[in-house]
Amino acid sequence: MLQTVLVDSVLLYGFGLQVSNVPLFYGVSIAIALTFMKILQFFITLADQIGRFIGVVLLTLQLAASAGTYPAELLPAWLQAIGPWMPMTHAISALRLVVAGGAAGEIGSELLVLAVYARYLSYSRWCCLS
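Described in the following lines is the structure provided in the data block. (Residues numbered from 1 in each chain as written. Predicted model: local features only at pLDDT ≥ 70, side-chain atom pairs only at ≥ 80, totals over all residues. Heavy atoms only, no water.)

1. Some words on helix H2 (residues 22-65)
Logical step 1: An ideal rise of 1.5 Å per residue puts 64 Å on 44 residues; H2 reaches only 28 Å between its terminal C-alpha atoms.
Logical step 2: The largest bend in H2 amounts to roughly 145° and is located at Ala-47.
Logical step 3: Directly beyond the C-terminal end of H2, a positive phi value near 60° is found at Ala-67. (Helix = DSSP H or I, 4+ residues; strand = E, 2+ residues; numbered from the N terminus. Expected span 1.5 Å × (residues − 1). Bend = angle between axes of the 7 residues up to and from the residue.)

2. Some words on the side chain of Glu-110
Logical step 1: Following the sequence through the fold, Glu-110 ends up in helix H5 (residues 104-120).
Logical step 2: No salt bridge is formed by the buried Glu-110, whose closest oppositely charged neighbour, Arg-96, lies at an N-O distance of 9.4 Å.
Logical step 3: Among residues more than four places away in sequence, those in contact with Glu-110 are His-90, Ser-93, Ala-94 and Leu-97. (Buried < 20%, exposed > 50% of the residue type's maximum accessible area, 1.4 Å probe, protein only. Lys, Arg positive; Asp, Glu negative; His and termini not counted. Salt bridge = Lys/Arg side-chain N within 4 Å of Asp/Glu carboxyl O. Contact = heavy atoms within 4.5 Å.)

3. A look at helix H1 (residues 2-14)
Logical step 1: With 13 residues, H1 should cover 18 Å at 1.5 Å per step; its first-to-last C-alpha distance of 17 Å lies within 8% of that length.
Logical step 2: When we look at burial in H1, the residues that qualify are Thr-4, Asp-8 and Leu-12. For H1, the buried positions fall inside an angular range of 55° around the axis, keeping them on one side. Seen from the open side of H1, the exposed residues pointing more than 90 degrees away from its buried face are Leu-2, Gln-3, Leu-6, Tyr-13 and Gly-14.
Logical step 3: Close packing links the buried residues of H1 with H2.
Logical step 4: Phi turns positive, to about 75°, at Gly-16, one or two residues after H1. (Arc of directions from axis to C-beta.)

4. Focus on the environment of Ala-100
Logical step 1: Relative to the helices and strands, Ala-100 resides in helix H4 (residues 87-100).
Logical step 2: For the pair formed by Ala-100 and Val-19, sequence separation is 81 residues and the distance between their alpha carbons is 6.7 Å.

5. Focus: the nonpolar core
Logical step 1: Counting 19 residues, the largest nonpolar core has Val-28, Ile-32 and Phe-36 as its most contacted members.
Logical step 2: Elements with a contribution of two residues or more to this core: H2, H4 and H5.
Logical step 3: In terms of residue count, the dominant contributor to this core is H2 (8 residues).
Logical step 4: Contacts of Phe-36, omitting those with residues within four sequence positions, involve Gln-62, Pro-87, Met-88 and Ala-91. (Core = buried A, V, L, I, M, F, W, Y, C linked by side-chain atoms within 4.5 Å.)

6. Thoughts on the side chain of Thr-35
Logical step 1: Among the secondary structure elements, Thr-35 is positioned in helix H2.
Logical step 2: What makes Thr-35 buried here is its relative accessible area of 5%.
Logical step 3: Those residues within four positions of Thr-35 in sequence are excluded, and the remaining contacts are Leu-114, Tyr-117 and Ala-118.

7. Concerning the packing of H2 against H5
Logical step 1: Where H2 contacts H5, the axes come no closer than 9 Å and their chain directions differ by 25°. Between H2 and H5, the angle falls in the class roughly parallel. Considering only the axes of H2 and H5, their crossing is left-handed. Contact residues: H2 offers Leu-24, Val-28, Ala-31, Ile-32, Thr-35, Lys-38 and Ile-39, while H5 offers Ile-107, Leu-111, Leu-114, Tyr-117 and Ala-118.
Logical step 2: Partitioned by chemical class, the residues of the contact of H2 with H5 number 10 nonpolar, 1 polar and 1 charged. (Axes fitted to C-alpha atoms, helices over the stretch in contact; angles between N-to-C directions. Parallel < 35°, antiparallel > 145°, perpendicular 65-115°, else oblique. Left-handed = near helix turned anticlockwise from the far one by under 90°. Nonpolar A, V, L, I, M, F, W, Y, C, P; charged D, E, K, R; others polar.)

8. Some points on a nonpolar patch on the surface
Logical step 1: On the surface, Leu-6, Val-7, Val-10, Leu-11, Phe-15, Leu-17 and Val-99 cluster together to form a nonpolar patch covering roughly 610 Å² of accessible area.
Logical step 2: Mapped onto the secondary structure, Leu-11 falls in helix H1. (Patch = residues over 30% accessible without salt bridge, like charges linked within 9 Å, V, L, I, M, F, W, Y side chains within 5 Å. Areas by Shrake-Rupley, 256 points an atom, 1.4 Å probe, with all protein chains shown as cover.)

Listed below in structure tokens is the structure:
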């Protein structure tokens, strides 16, 4: 979380990023960081080195499918199909809404999706199922 606050501070005060609600920007960034930390922790705890590899593959796939780099309309059909199921798609959407001054309900719905990912990709939830 400290890294998240540091990066956000550099964006806001070093580069002069203008956001509509600074505390909300920090909060959304921390929520995103915690979500991705839980997802990576799940894969690494579950499968160690293979889990790390899965995390890298998932990150790469999300970078392509989340419409953060290119508009979704320019992506191949299979990436367009999996994009809405990727957590990074919702993270990017939430950050765009915060920066642009989107409605709190829209931001909340994106954070709710991320919370579901964080909750259900928790190793402690799955470790006792066998």
